[in-house]
Amino acid sequence: MLPYFAEYLVTVLGEAHLFYKLKIRMQKRKIERLAKKQKPQEKIETAQESLLKTEEFFIKFKERSKQRVENPYKLKLVKKDAVKWLVLVAILCFAMGLLTPIGDEPYTHIFKLLSGDTTKSISEHQPLVLANHTAAITVLMMLFGMLIFTDTKIRLKDVFMLGGLIVLTFTARRQFSLLLIVGVVSFTRIICDFIAKYDKEGTEQFARLMVTWKGKILTVFLIALCSFMMYKDKIDDEYINMKSYPVEASNFILDAEEDGDLDFETMRLYNDYNYGSYLLYRGIPVFIDSRADLYSPEFNEGCEIFNDYMNISSLATYYETKFEEYKITHAIVYKTSKLNMFLSRDDNYKEIYGDKNFIVYERLNVDTNQNEE
């Protein structure tokens, strides 16, 4: 909603002409003070002439401003009084955060998230590297190309909307999806203005064509073609990528639990962040999963599991020390991981399952009494 609020505020302030109105008011007061103090008539006349020039310039300025709004060079300002109702909606939405059972979380969540360490270690939160993102380059080149090299104009709210979304995209690459989903409205408006400017008649003819039965068939064909092009490379893909998710290892753990060889009540499993959610889906208790907030002190006081996981997986700390702290009984790791190079050579860890991608270890030296507590 902010781009709409910003455009409305700018237009209201622009129409108010506060600078010149304030200047005129100050000059009138100056004349009144000079008259009250019975200053020489020359000073009063000089002040009156200055006031007259300011008023004349103000009238011309308002006329030029009106012409610029009606025929802008690049930036279009449109005042929409309906935005007042949007402000009311925003206030109501903001107030709804008070009705939740989680206190001030709706208002403080983003600040807690950005102040913690989780975003620094999650790939989707990393800044966008433009050279590695062809889609972002294409979108930005189309946008800036139309605005710089053509006579296409852009509304102020679209400047705020696209500008804000572009900044978010460069801050965290996950926000590129928002640029496409939310920014498509502003982007489409610019494209339509571009086409209407250079080929208005052709646009109208195309619009009339697309509402006929031929146009409907063409639309369905284009949608089907685009869908096929997007899907064709994934036709032979597995529903679950067994290189990324421990499907067979999970089957082994569940079978062992069913046979009584493992007890989920006492088992404490160390696992990787990336597939913790899959293990939960299979009903297997985890050390960590992709809900990073749950495992950080910003949202769960005293909880350092996320930071401990990052240190263990990167070998920044001795894994055995942390495993003892958390009373880990089993570990499931990628076969190619750094941690597996050490576990495979550690006599305290017994391999009980292995495939091409994952290995499950049993930790032999565990204080089971403290574990049960």
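Q: Describe the packing of helix α2 (residues 18-36) against helix α3 (residues 41-70), listing the residues and the values that go with them.
A: The description of two packed helices rests on the angle between their axes and on the distance between the axes. Here α2 crosses α3 at 165°, and the two axes come no closer than 10 Å. In this view, α2 runs roughly antiparallel relative to α3, as classed from their interaxial angle. Classified by chirality, the crossing of α3 by α2 is left-handed. Only K43, I44, A47, Q48, S50, L51, T54, E55, F57, F58 and F61 of α3 make contact with α2, whose side of the interface consists of Y20, K21, K23, I24, Q27, K28, I31, L34 and A35. When the residues that make up the contact of α2 with α3 are grouped by side-chain class, the tally is eleven nonpolar, four polar and five charged.

Q: Outline a positive patch on the surface, listing residues and values.
A: A contiguous patch of positive charge on the surface is contributed by R25, R29, K30, R33, K37, K39 and K43. With four residues, the top contributor of residues to the positive patch is α2. Along the polypeptide, R33 turns up in helix α2.

Q: Give a description of the side chain of R155 that names residues and reports values.
A: Mapped onto the elements of the fold, R155 is located in strand β2 (residues 154-155). Overall, R155 belongs to the buried group, its relative accessible area being 11%.

Q: Talk me through a negative patch on the surface; I want residue IDs and the actual numbers.
A: Together, D255, E257, E258, D259, D261, D263 and E265 give the surface a local cluster of negative charge. Along the polypeptide, E265 turns up in the loop between α12 (247-259) and β3 (269-270).

Q: Just give me the short version of unusual backbone geometry, but keep the residues and values in it.
A: Even without being a glycine, H17 presents a positive backbone phi close to 50°. A relative accessible area of 13% places H17 in the buried class. Phi is positive for L315, close to 60°, though the residue is something other than glycine. Within the element layout of this structure, L315 appears in the loop between α14 (305-313) and α15 (319-326). Its relative accessible area of 29% is what places L315 among the partly exposed residues.

The rules behind the values
- Residues numbered from 1 in each chain as written.
- Predicted model: local features only at pLDDT ≥ 70, side-chain atom pairs only at ≥ 80, totals over all residues.
- Heavy atoms only, no water.
- Axes fitted to C-alpha atoms, helices over the stretch in contact; angles between N-to-C directions.
- Helix = DSSP H or I, 4+ residues; strand = E, 2+ residues; numbered from the N terminus.
- Parallel < 35°, antiparallel > 145°, perpendicular 65-115°, else oblique.
- Left-handed = near helix turned anticlockwise from the far one by under 90°.
- Contact = heavy atoms within 4.5 Å.
- Nonpolar A, V, L, I, M, F, W, Y, C, P; charged D, E, K, R; others polar.
- Patch = residues over 30% accessible without salt bridge, like charges linked within 9 Å, V, L, I, M, F, W, Y side chains within 5 Å.
- Areas by Shrake-Rupley, 256 points an atom, 1.4 Å probe, with all protein chains shown as cover.
- Salt bridge = Lys/Arg side-chain N within 4 Å of Asp/Glu carboxyl O.
- Lys, Arg positive; Asp, Glu negative; His and termini not counted.
- Charge placed at Lys NZ, Arg CZ, Asp CG, Glu CD.
- Buried < 20%, exposed > 50% of the residue type's maximum accessible area, 1.4 Å probe, protein only.

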